Each structure stands twice: as structure tokens, then as C-alpha cells.
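Next come the chains, spelled out residue by residue.
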Amino acid sequence: VAAAVGVLAVTPVGGAVGRSVGDFSAWLRGEVGSPASEDEQREFAEAQRRSWGRFPDTPKLRRLLTHHAAAIDYTLYGFRTGDSLCLRLVARGSGSEPATSCAPLRDLREAQAPALVLLADHAFGEGELPADALPGEYVPPRASATFGIVADGVEEVELVADDGRQQAQIGANSFLYVDASPAAGD
């Protein structure tokens, strides 16, 4: 995984609650973000009905973060299903399917760090090869995204990758970083 997440200026969360950072209780209570619109919920339910990997129930989506970059609108949703907490990133305008990743709730209950990466460097769409590209050269993605869950009170998440350090967007106890034009091989 090219991106490792470090959280700045926070106390690790273990059995005790840190001075400035809480635990994942907002996630565990299902109180993060805001309810998705009826259209967003219906679109999600229809996609689940067509999927081989559908969830046993119809989870209720919560809208967590939005981001716009390079003509793509990103929306990060969260939901619980069974004993798992899931994040789903929809990238409208990318030509790619949404990215969904889940973690067992026990991972949140037992977390020693105030952040949990659910998906790193997920590619959306295809970028363009430079004019001087050699035959068979790797085509970079149009964009890549890293997202995850943060504990109550986390205000900053820094991602460390091949191309340096980047600040993730924080909101609704989640984080999202979108690289709108990643270099091939990063």
C-alpha cells in the first residue's frame, strides 16, 4: 500500500479515552454524517440487487463527505451491515464503479490508533499516456482515492506516499484524499 496514514497531534485511543480525541462511539451508535437522499438510497439498493456480492440487508446510507476534482464529483457514504462498518465512494463522471470497503466493528472497538484506513490508492478511470510513452507503458489512473474512519475529535489526517505528504479532507468521523492526477507508478 503506497499510502500510510499518520494522524497528527492526537492521543492514541485504546482502553482509555485520550485528552483531545475520543473513541469511535459516533460510528458505533450510527450517528455520523447525514441521511442520504431518497435518490441516493434507491440507486444504492438497485446496485445491490444487481450485485453478486450484495449485502444481506439493505443498509441505510449516511452521506459523509463530498469532493470535486478534475470534473469528477466524489461522495463518500457510510453504512453498517451486520457486524461490519462500510464506506462507499461514488465518483460520478469517472466512468468507474463505486469503491466499497468494510471493516468488522470489532476493529473499531479494539482500535489502538484514532484512524482506520479502509481503502488506499483506489483507481478511478484511466488517465492519458504522455506523447512520448513507449508501447505497453503503464496507463496511470485518472484519479486515485484513499479513505477511512477516524475517531471522535480527530481534526487532521496526513497521508504519506511516494510523492510526499498530503492532508486528507476530514468530516463526519471519516477522511478522504483524492489525487486528481496521480503519476504512473506512485
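Residues numbered from 1 in each chain as written. Predicted model: local features only at pLDDT ≥ 70, side-chain atom pairs only at ≥ 80, totals over all residues. Heavy atoms only, no water.

Draft legend 1. Inspection of unusual backbone geometry at higher detail. Phi at Ala70 is positive, roughly 50 degrees, even though this residue is not glycine. Relative to the elements of secondary structure, Ala70 occurs in the loop between β3 (62-69) and β4 (72-81). A relative accessible area of 48% places Ala70 in the partly exposed class. You will see that Ala71, though not glycine, has its phi angle at about 65 degrees, which is positive. Within the fold, Ala71 resides in the loop between β3 and β4. (Helix = DSSP H or I, 4+ residues; strand = E, 2+ residues; numbered from the N terminus. Buried < 20%, exposed > 50% of the residue type's maximum accessible area, 1.4 Å probe, protein only.)

Draft legend 2. Region of interest: the sheet that holds strand β7 (residues 115-126). Taken together, 4 strands build an open sheet; the order of strands is β7-β8-β12-β11 and the sheet is antiparallel. Each edge of the open sheet is held by one strand with a lone partner, namely β7 and β11 (169-171). Each adjacent strand pair in this sheet contributes to an overall mean axis angle of 20 degrees, direction not counted. In terms of strand pairing, β7 meets strand β8 (residues 141-150) through 8 bridges, oriented antiparallel. Looking at the pairing, His122 lines up with Ala145 of β8. (Pairing = 2+ DSSP bridges. Axes fitted to C-alpha atoms, helices over the stretch in contact; angles between N-to-C directions.)

Draft legend 3. Fine view of the side chain of Thr75. Relative to the assigned elements, Thr75 resides in strand β4. What makes Thr75 buried here is its relative accessible area of 11%. The contacts of Thr75, once residues within four sequence positions are left out, are Arg63, Leu65, Thr66, Arg88, Leu89 and Val90. (Contact = heavy atoms within 4.5 Å.)

Draft legend 4. Up close: the pattern of salt bridges. The final tally for this structure, using the stated rule, is 4 salt bridges. Note that Arg42 and Asp39 form a salt bridge whose closest N and O atoms lie 2.3 Å from each other. Remark: Asp39 and Arg42 occur in helix α2 (residues 38-49); sequence separation between them is 3 residues, near one turn of the helix. For Arg165, the salt bridge is made with Glu158, and the minimal N-O distance between the two is 2.7 Å. Here Arg165 falls in the exposed class, since its relative accessible area comes to 58%. Glu158 gets classed as buried once you look at its relative accessible area, which sits at 12%. (Salt bridge = Lys/Arg side-chain N within 4 Å of Asp/Glu carboxyl O.)

Draft legend 5. Representation of the packing of aromatic side chains in the model. Inspection of every chain in the model, using the stated rule, returns 2 aromatic pairs. Centre to centre, the rings of Phe44 and Phe79 are 5.1 Å apart; their planes meet at 50 degrees, and the pair counts as tilted. In this pair, Phe44 sits in helix α2 while Phe79 sits in strand β4, placing the two residues 35 residues apart along the sequence. According to the relative accessible area criterion, Phe44 is buried, its value standing at 2%. Between the aromatic rings of Tyr74 and Phe124, the centroid separation amounts to 6.0 Å while the plane-to-plane angle is 75 degrees, which identifies the pairing as edge-to-face. Taken together, the positions of Tyr74 in strand β4 and Phe124 in strand β7 put the pair 50 residues apart, joining distant regions of the chain. Assigned by exposure class, Tyr74 and Phe124 land together as buried. (Phe/Tyr/Trp six-rings, centres within 6.5 Å; stacked < 30°, edge-to-face > 60°.)

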